[in-house]
Amino acid sequence: MRRISLFLITVCATLIGKGQTNTNFAWQERSSTLSGGLEIGIPLGEYDFTWGANTFGLSANVALPMRVLPLDIGYDFGWSRMGSEYGEPLNPSGLLSANTGREVRVKSNVYNHHLLLRLNPLRGRIRPYGDLMMGARHFSTRSIASAANGESEEERDGAFAGSAGWAVGTMVSLSRQIYVEARVERLFSGKVSYVDPRTITIANDGSVTYEKLTSRTDVVNVQLGVGLRF
């Protein structure tokens, strides 16, 4: 195991060294970055025990360099779908429970909003970095009932949990302006009550019922995307 670890460290150091000396995709100056891509959320600890399901969604972040220090400041956003439900309520008094022409859609999502402080000291084609993050996670359930005449009714159920953590990532330049990015976030999030999408039920009259779970919401987010430097 020790030999394998030393080998991996040597390979990574070699790749980074080559990235710094490769001028085919010159990226020597500091610049702002904007990236986005796919995200997988892996629950941890109490959140894993209570909720226990991965989430899938999208992520994006923007970072602006500070003048003197090798630091960037920015904002990181994430969206993941926890679950959804769809139903067409029936008229129980109609002939053979005729369809009422209404549609009910219920969607449960989690949104991540974090300010970030990024240590980004290296130059060259390959740029590893580290972030400190602070913000909140928003658990939101939205129910929309639509009638045949186009009218709709909406109900929301949401809660916020304070969140802080860190992230590590690597940017690999494909050209002077475009790069690919791999990133891992570790978020420590507070306790909150959120809708359990697995319990969502749409009744024949169009009413929506569900149960809630309460837990801490610690998570690891794995992200892969593309970016633009400007």
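Up top you'll find the structure we're talking about.
Residues numbered from 1 in each chain as written. Predicted model: local features only at pLDDT ≥ 70, side-chain atom pairs only at ≥ 80, totals over all residues. Heavy atoms only, no water.

Draft legend 1. A look at the overall build of the protein chain. Tallying secondary structure elements over the protein chain gives two helices and 12 strands in all. Ordered by position in the sequence, the α and β elements of the protein chain form the string α-β-α-β-β-β-β-β-β-β-β-β-β-β. Taken over 230 residues, the protein chain has a buried fraction of 38%. Sequence-distant contacts, at least 24 apart, represent 66% of the contacts inside the protein chain between residues at least 6 apart. On the protein chain, roughly 12800 Å² of surface is accessible, and the fraction owed to carbon and sulfur atoms is 63%. (Helix = DSSP H or I, 4+ residues; strand = E, 2+ residues; numbered from the N terminus. Buried < 20%, exposed > 50% of the residue type's maximum accessible area, 1.4 Å probe, protein only. Contact = heavy atoms within 4.5 Å. Areas by Shrake-Rupley, 256 points an atom, 1.4 Å probe, with all protein chains shown as cover.)

Draft legend 2. How the structure looks around the sheet that holds strand 12 (residues 219–229). A barrel is described by the order of its strands in space; here eight strands give the closed sequence 1-2-3-4-5-6-7-12, paired in antiparallel fashion. Across the sheet, the mean angle from the axis of one strand to that of its neighbour is 25 degrees, orientation sign disregarded. The pairing of strand 4 (residues 103–119) with strand 5 (residues 126–146) spans 17 bridges and is antiparallel. When the bridges of strand 5 are listed, Val110 appears paired with Phe139. (Pairing = 2+ DSSP bridges. Axes fitted to C-alpha atoms, helices over the stretch in contact; angles between N-to-C directions.)

Draft legend 3. Region of interest: the pairing of strand 1 (residues 33–43). Sheet topology note: the strand 1/strand 2 (residues 55–65) ladder contains nine bridges and is antiparallel. For Leu34, the partnering residue across the bridge sits in strand 2 and is Val62. Here strand 1 pairs with strand 12 via 11 bridges, running antiparallel. Bridge pairing links Leu34 to Leu228 in strand 12.

Draft legend 4. Representation of the packing of aromatic side chains within the structure. Using the criterion set out here, one finds four aromatic pairs in the structure. Here Tyr47 and Phe139 contribute two aromatic rings whose centre-to-centre distance is 6.4 Å and whose plane-to-plane angle is 85 degrees, an arrangement assigned as edge-to-face. Linking Tyr47 in helix 2 (residues 45–50) with Phe139 in strand 5, this pair joins segments that are 92 residues apart in sequence. Judged by its relative accessible area of 4%, Phe139 falls in the buried class. Aromatic rings pair up to connect Tyr47, Phe139 and Tyr194 into one cluster. Positioned over the ring face of Tyr129 is Arg118, at 3.9 Å from the centre of the ring. Stacked on the ring of Phe188, the Lys or Arg Arg186 has its end atom at 3.9 Å from the ring centre. (Phe/Tyr/Trp six-rings, centres within 6.5 Å; stacked < 30°, edge-to-face > 60°. Lys NZ or Arg CZ within 6 Å of the ring centre and 35° of its normal.)

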